[in-house]
Amino acid sequence: MEFFTDLFRPEMGFLRCALLVGFLAAPVAGVIGTLVVTRRIASLAGASSHAALGGVGLALFLQRVVHLEWFSPLLGAFLGALLAAMAVGIITIRVRERADTIIGVVWALGMSIGLLFLNYTPGYVDWQGYLFGNILLLSPADLGWTAVLGIVVLIAVLLFYPQLLALSFDNTFAELRGVRTRVIYLALLVFTALTIVLLIHVAGIMLAIALLTLPAAAAGCYTRHLWSMMVISTLLNWLFITVGIIASYVLRLPSGPAIVVFAGIVYVLSLGFCRIRKIKA
Amino acid sequence: MSGDPIIELKQVDFHYAQEPTLEGVDLTVYRGQSGCIVGPNGGGKSTLLKILLGLLEPTRGEVRIFGTSPEDARSRVGYMPQYHLLDPAFPATVLEVVLSGRMHSFFIGRYSRKDRAIAMDALEELGITSLAGRSFSRLSGGQRQRVLIARAIAGEPELLLLDEPTANIDPGAGERFYAALEELRHRMTVLTVSHDLGFVSRGSDLVICVNRQVTIHQAEHFTQQTANAVYHHEVELIKHDHSCFCHCGGDHAAGRR
């Protein structure tokens, strides 16, 4: 009850903001997460997510040392995630066999660069907030960005749904039918990077990937259609983010782990449900 | 030879790294002919198929499909991959899979009524209309093969390329598959990559033997000795009045005719 009483207190704007960002980010994460899971690029998205720390570290370093105030950590996170996704995406298109190695290198390198920059950044830096999520870091500007990205993603998916389904199911066949598979694949990586950045404040760099994949993977246990997997994944994201934020506020926990542990429990239960249904069938 | 040449390969070489996979390949397939591409593992069958589809660029030589480059000819070519290479848990219905055969370069938005009608016709032709709403992941291997053929013919191709269509399916499903294929051969050129030498006696005009180099045989002249020479070891090619069995290096395939 304490949470709901506090939610409407004027000084608790950050809490309302966190719930709203979660509410708006859920459809984006649900839709993109479904494509990430069905396209089997979760590890690529993980590398992109962790490389975001490189961008955050660089941004904070430049802000404090060179006074480059406009270079916000969020912008840095986006650039880091985008650069990593594009690098891995383009290299794996050309040399598919090396994908695992490249993903591992980008994953480790991105994080290490970020930690080195943070080490040389003067003053206090809440690096744990970036790694594990801190709803206090959310601002009304994040609301606007989340809403804009949500609209762009939903329009793009509506327009290109048949292509996305075709290439996720059988990339070679889609390419033979004239679908610009590489362009759509790289666009998907850009949207994935953007979604990860949106989720960073809610779940943190380390756990954003879990919020992108766990609801979609759990949704896959309940449906056999791509579109309904996106819808169920969105609903689960709403549930996980809301419950996680409430738990993090009431129990004084970092929001990321609270959300992801809850999502993980639901995922494991869903797998059990899947297994039982398969045995019965 | 009757009809226009549909496939023309002239002195085609393909090298993976420094290793030659195909050398000096000359191949012409005319409209109305159907062929079976056979050969040992690593002999270059899949490479040849990928060259025909424009997925691989030959190191040397010229490839023309319908008198143009393989990339430009793609809208006239249907392709069926091996079903077991696809994600078995992918969330899509049979109709959604078949509709993707109607995809084209300028496609945007939703499939039209015409696309849906053609996709349903393709399902009907393969005798699987009742599966339209079923999840692809819940089908048997034989049913999946037929769905993938329906997807390939939904694009209304003039040339159909099939990659190992009877691999990993039971003999009964293989038989239904042969029956469906025989119907298709009446109205399009069908090339099949297969280990199953049963194809040789199932309506193929040509046997295209690939083992780095390509030799072409008329199906009726493809003998036990020819098969042994292609595979570089003894294979069984037993032809009865009603059935054809082949056994090659551990791969065993059986089919009725």
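Please refer to the structure higher up on the page.
Figured I'd write up the structure that's included with this text. (Residues numbered from 1 in each chain as written. Chains lettered and ligands numbered in written order. Predicted model: local features only at pLDDT ≥ 70, side-chain atom pairs only at ≥ 80, totals over all residues. Heavy atoms only, no water.)

1. Observations concerning the sheet that holds strand E3 (residues 35–38) of chain B
All names here are of chain B. In spatial order, the strands read E5-E6-E7-E3-E8-E9; together these six strands make up an open sheet with mixed pairing. Only two strands of the sheet have a single partner each, and these edge strands are strand E5 (77–80) and strand E9 (213–218). Geometrically, the sheet is characterised by an average inter-axis angle of 15 degrees between neighbouring strands, direction not taken into account. Bridge count for E5 against strand E6 (residues 159–163) is four bridges, and the pairing is parallel. Bridge pairing links Val 77 to Leu 159 in E6. Lying on the sheet, helix H1 (residues 45–53) is in contact with E3, E5, E6, strand E7 (189–193) and strand E8 (206–211); it crosses E6 at an angle near 150 degrees. Where helix H4 (residues 141–154) meets the sheet, it contacts E5 and E6, and its direction lies at approximately 165 degrees from that of E5. (Pairing = 2+ DSSP bridges. Helix = DSSP H or I, 4+ residues; strand = E, 2+ residues; numbered from the N terminus. Axes fitted to C-alpha atoms, helices over the stretch in contact; angles between N-to-C directions. Contact = heavy atoms within 4.5 Å.)

2. As for the interface of chain A and chain B
Residue-level contacts link 26 residues of chain A with 33 residues of chain B. Both sides of the chain A and chain B interface together cover about 2,700 Å² of buried area, and 61% of this is carbon and sulfur. Of all residues in chain A, A:Phe169, A:Arg177 and A:Arg224 give up the largest surface area on contact with chain B, accounting jointly for 31% of the area buried on that side. Counting every contact that joins chain A to chain B gives two salt bridges. (Buried area = accessible area lost by both parts, 1.4 Å probe. Salt bridge = Lys/Arg side-chain N within 4 Å of Asp/Glu carboxyl O.)

3. Quick look at the side chain of A:Ser168
Relative to the elements of secondary structure, A:Ser168 occurs in helix H7 (residues 140–169). With a relative accessible area of 10%, A:Ser168 lands in the buried category. Engagement of the side chain of A:Ser168 in a polar contact is seen with the backbone oxygen of A:Leu164, the distance being 2.6 Å. Ignoring anything within four residues of it in the chain, the contact list for A:Ser168 reads A:Leu35, A:Thr38, A:Arg39 and B:Phe90. (Buried < 20%, exposed > 50% of the residue type's maximum accessible area, 1.4 Å probe, protein only. Polar contact = N/O pair within 3.5 Å; in protein donor to acceptor, adjacent residues only side chain to side chain.)

4. Here we look at the nonpolar core
Membership of the largest hydrophobic core comes to 125 residues, with the highest contact counts inside it found for A:Leu212 and B:Val98. Here this core gets 13 residues from one element, more than from any other, and that element is helix H9 (residues 181–203) of chain A. When near neighbours in sequence (up to four residues on either side) are disregarded, A:Leu212 contacts A:Ala29, A:Ile32, A:Gly33, A:Val36, A:Ala45, A:Thr192, A:Thr195, A:Ile196 and A:Leu199. Within the second largest apolar cluster, 32 residues are counted, among which are A:Leu176, B:Val63, B:Leu161 and B:Leu191. (Core = buried A, V, L, I, M, F, W, Y, C linked by side-chain atoms within 4.5 Å.)

5. Describing the side chain of A:Arg177
In this structure, A:Arg177 sits in the loop between helix H8 (171–176) and H9. Of the buried charged residues, A:Arg177 lacks a salt bridge, with B:Glu156 as the closest side chain of opposite charge at 7.8 Å. Of the polar contacts made by the side chain of A:Arg177, one reaches the backbone oxygen of B:Gly101; its length is 3.2 Å. Each residue touching A:Arg177, except ones within four places of it in the same chain, is listed here: B:Arg74, B:Ser75, B:Val77, B:Ser100, B:Gly101, B:Met103, B:His104, B:Ser105 and B:Gly155. (Lys, Arg positive; Asp, Glu negative; His and termini not counted.)

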